[in-house]
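What follows is the residue order along each chain.
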Amino acid sequence: MPNPSSPVQPAPRSCLRIHNCPVLHAASGGSAKRFLVGDRVVSPALSASCDCPISPRCDSGATRPYPVLGTPSTSSREDVFLRGPIQSSLTSAVKNCQRPLAAWLGALVYGRTRYGGWRGRFAMATAAQRRFCRCACFCSQNLYVARYGLHLHFRDEHQLRRDYGPLLRSRGCVTSKDFQQLLEELEQEVGRRRRLGQESVVRKALIASSYHPARPEVYSSLQDAALAPEFMAAAEYSTSPGADLEGLLQRLETVSEEKRIYRVPVFSAKFCQTLLEELEHFEQSDMPKGRPNTMNNHGVLMYELGLDDPLVTPLRERFLLPLMALLYPDYGGGYLDSHRAFVVKYALGQDLELGCHYDNAELTLNVALGKDFTGGALYFGGLFQSPAALKETLEVEHVVGSGILHRGGQLHGARPLCKGERWNLVVWLRASAVRNRLCPMCCQKPELVDDEGFGDGFTREEPTTVDVCVLT
Ligand SMILES: O=C(O)CCC(=O)C(=O)O
Ligand SMILES: [Fe+2]
């Protein structure tokens with residue numbers, strides 16, 4: 001990670017340097033004309049962002065000249081399409097970058113999308129203005145090893161042998177070859193996690209510049225028509241004066257009162273179908289893809305595909321926030337200020353099931369998008385802090401179009417898929433006011449590390465006073 005306290009590069013004298021910056025071209029979806037005319041930055045939002053951390057590298061280190069735009073009237077989308085060496089240039093640019101890219105890119109990717117719509121201004125402004133962090137424990141704790149069914153804490157070989165030797169042997173890690181292989185995997189995973197934020201920014205930029213969607217309409221801002229009437233009614237009720245939990249529960253299905261798990265139709269059948277078509281098209285493209293989370297191997301990150309701002313942020317801010325505020329006021333439901341959203345895909349020959357875990361989230365929405373499948377039910381235990389957490393589990397079938405609402409700390413997993421394919425949109429909802437006090441992954445005061453985008457939802461701000469009975 002770039003060190004935020006290291007000196008920031010001086011502002012470039014001329015914006016021509018930014019003109020040639022591959023990250024700018026990529027980040028602006030190949031529409032840099034929106035921002036630059038000749039050698040001048042035209043948007044005031046951008047002049048404030050002229051301290052481009054990448055441009056010095058572009059001047060001296062770019063491997064080939066990048067196309068330079070004309071004026072808005074003469075340039076076209078094709079003018080700025082970058083292929084070939086862009087990937088390596090992006091990677092080296094990011095390596096040489098002196099500070100997290102998100103704030104800088106947030107201000108840049110602030111105009112027209114490549115498909116003519118407008119991305120949510122509020123969301124981009126939020127990403128540009130607020131600095132989110134992750135907890136340092138992300139790179140050393142909860143390292144999942146599927147074949148031994150274990151989440152491990154890992155610092156070095158000595159610590160691994162000392163803390164897990166007998167347990168690992170009992171799970172089948174017996175020979176020294178087994179142990180060496182595990183060690184290598186853990187070292188690789190730690191490296192992957194360290195690079196994750198910046199690599200994700202690079203992938204997002206590349207996708208924005210070079211990917212051609214099959215269903216561009218899903219990238220325009222969330223329309224009511226995409227939503228199930230029941231979901232809209234529940235959210236609308238939640239914002240009405242005098243709304244209370246009892247009234248809201250009449251508009252949702254209570255799956256388990258004791259576990260506080262609810263279900264509600266979220267998306268229309270037509271929208272599920274359109275979104276699935278787009279996700280499949282992206283999956284089949286040759287674009288780079290990040291892993292949805294540390295346990296699932298197949299799926300799509302909404303941030304990288306460019307669906308966070310038009311789809312997930314409005315879903316959280318307009319609909320989930322009022323709903324969750326009534327359902328889970330004691331878990332930060334009224335303070336949700338960021339999310340991590342991804343689609344998980346299960347299919348024969350790919351991921352089939354998901355081990356028991358809790359989410360790095362205060363609250364979770366999990367919507368089944370399709371396709372046809374059997375099996376793959378969720379199971380829920382108790383809260384992860386409770387000693388008898390897995391004693392009595394509850395099976396919950398997915399219903400296409402509907403979302404399950406649950407607390408992030410509720411232990412859960414997915415049973416094996418039997419037939420077909422299952423695609424689910426999972427939104428981990430985060431409240432910095434809650435997690436700033438206690439990281440749900442290491443259960444300690446978080447050790448904050450600056451991160452890209454929403455990071456893991458921590459902030460350096462003083463937490464708002466919030467009633468929290470969880471994680472104490
Ligand atoms: O497979 C599912 O539906 C559950 C996914 C899940 O729990 C997660 O990604 O956190
Ligand atoms: Fe989960």
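Residues numbered from 1 in each chain as written. Chains lettered and ligands numbered in written order. Predicted model: local features only at pLDDT ≥ 70, side-chain atom pairs only at ≥ 80, totals over all residues. Heavy atoms only, no water.

## Here's the deal with the overall build of the chain
Thinking step 1. On a plain count of helices and strands, the chain comes out with 15 helices and 19 strands.
Thinking step 2. By the burial criterion, 56% of the 472 residues in the chain qualify as buried.
Thinking step 3. A sequence separation of at least 24 residues applies to 78% of the contacts in the chain between residues at least 6 apart. (Helix = DSSP H or I, 4+ residues; strand = E, 2+ residues; numbered from the N terminus. Buried < 20%, exposed > 50% of the residue type's maximum accessible area, 1.4 Å probe, protein only. Contact = heavy atoms within 4.5 Å.)

## Regarding the sheet that holds strand E19 (residues 458-459)
Each strand in a sheet pairs with another by means of backbone hydrogen bonds, the pair being arranged parallel or else antiparallel.
Thinking step 1. Taken together, three strands build an open sheet; the order of strands is E18-E3-E19 and the sheet is antiparallel. The open sheet is flanked by strand E18 (448-450) and E19, the only strands paired with a single partner.
Thinking step 2. With two bridges joining them, strand E3 (residues 132-135) and E19 adopt antiparallel strand pairing. Of the residues in E19, the one forming a bridge with Cys133 is Phe458. (Pairing = 2+ DSSP bridges.)

## Considering the confidence of the model for the chain
Thinking step 1. Averaged over every residue, the pLDDT of the chain is 76; residues scoring 70 or more account for 70%.
Thinking step 2. Contacts for the low-pLDDT stretch residues 1-128, under 50 throughout, to residues beyond four places or in other chains number 209 contacts.
Thinking step 3. Counting interchain partners and residues more than four positions distant, the pLDDT-below-50 stretch residues 463-472 has 26 contacts. (pLDDT = per-residue confidence, 0-100.)

## Here we look at the site of ligand 1
Thinking step 1. Taken together, 15 residues are adjacent to ligand 1, and Tyr346, Asp359, Asn366, His412 and Arg422 come closest.
Thinking step 2. Between an oxygen atom of ligand 1 and a side-chain N or O atom of Asp359, the distance comes to 3.0 Å.
Thinking step 3. A distance of 2.9 Å separates an oxygen atom of ligand 1 from a polar atom in the side chain of Asn366.
Thinking step 4. The fraction of the free accessible surface of ligand 1 (290 Å²) that becomes covered by protein chains is 99%. (Near = heavy atom within 4 Å. Polar contact = N/O pair within 3.5 Å; in protein donor to acceptor, adjacent residues only side chain to side chain. Areas by Shrake-Rupley, 256 points an atom, 1.4 Å probe, with all protein chains shown as cover.)

## Regarding the coordination of the iron ion (ligand 2)
Thinking step 1. Coordination of the iron ion (ligand 2) by the protein is provided by His357 (NE2), Asp359 (OD) and His412 (NE2), with metal-donor distances spanning 2.1 Å.
Thinking step 2. Donor residues binding the iron ion (ligand 2) come from one chain and are separated in sequence as H-x1-D-x52-H. The same class applies to His357 and to Asp359, which are both buried. (Donors = N, O, S within 2.8 Å, 3.2 Å for Na, K, Ca; no water.)

## Here's the deal with the packing of aromatic side chains
The way to describe two aromatic rings as a pair is by their centre distance and the angle between their planes.
Thinking step 1. Under the counting rule described, the total for this entry stands at seven aromatic pairs.
Thinking step 2. When the ring of Phe267 is compared with that of Phe271, the centres are 5.0 Å apart and the planes differ by 45°; the resulting orientation is tilted. Each member of the pair, Phe267 as well as Phe271, is classed as buried.
Thinking step 3. Positioned above the aromatic ring of Tyr237, the side-chain terminus of Arg251 is 4.0 Å from the ring centre.
Thinking step 4. Between Arg415 and the ring centre of Tyr379, over which it is positioned, the NZ or CZ distance is 4.0 Å. (Phe/Tyr/Trp six-rings, centres within 6.5 Å; stacked < 30°, edge-to-face > 60°. Lys NZ or Arg CZ within 6 Å of the ring centre and 35° of its normal.)

## Points about the layout of surface pockets
Thinking step 1. Computed from the structure, the second largest pocket encloses a volume of approximately 460 Å³.
Thinking step 2. If you go around the second largest pocket, you meet 20 residues; those closest to its centre are Tyr144, Ala146, Arg291, Met295 and Asn297.
Thinking step 3. Only strand E4 (143-145), helix H9 (176-210) and strand E10 (354-357) provide two or more residues apiece to the lining of the second largest pocket.
Thinking step 4. Take the lining of the second largest pocket: its biggest share by element is six residues, from H9. (1 Å grid on protein atoms, 1.4 Å probe; cavity = no way out; pocket = protein on both sides within 12 Å on 5 of 7 lines; lining within 4 Å. Points joined across faces, edges and corners; volume = space filled by probe spheres on them.)

## Some points on the packing of helix H10 (residues 229-239) against helix H14 (residues 308-327)
Thinking step 1. Viewed as axis vectors pointing N to C, H10 and H14 meet at an angle of 65°, and their least axial separation amounts to 8 Å. H10 and H14 meet at a crossing whose hand is left-handed. Side by side, H10 and H14 meet where Phe231, Met232, Ala234, Ala235, Tyr237, Ser238 and Thr239 of the first sit next to Leu315, Arg318, Phe319, Leu320, Pro322, Leu323 and Leu326 of the second. (Axes fitted to C-alpha atoms, helices over the stretch in contact; angles between N-to-C directions. Left-handed = near helix turned anticlockwise from the far one by under 90°.)

## Here's the deal with the environment of Leu152
Thinking step 1. Among the structural elements, Leu152 can be located in strand E5 (residues 150-152).
Thinking step 2. Judged by its relative accessible area of 1%, Leu152 is buried.
Thinking step 3. C-alpha separation for the pair Leu152 and Leu186, spaced 34 residues apart in sequence, amounts to 9.0 Å.

## What to know about the pairing of strand E15 (residues 402-407)
Thinking step 1. In terms of burial, E15 is largely enclosed, as six of its six residues are buried.
Thinking step 2. Burial along E15 is two-sided: the face carrying Ser402, Ile404 and His406 and the face carrying Gly403, Leu405 and Arg407 are both buried.
Thinking step 3. One ladder, built from four bridges, connects strand E7 (residues 261-265) with E15; its direction is antiparallel. If you follow Arg263 over to E15, its bridge partner there is Ile404.
Thinking step 4. As defined by bridge partners, strand E11 (residues 363-370) adjoins E15 across five bridges and the pair is classed as antiparallel. Bridged to Leu363 within E15 is Arg407.

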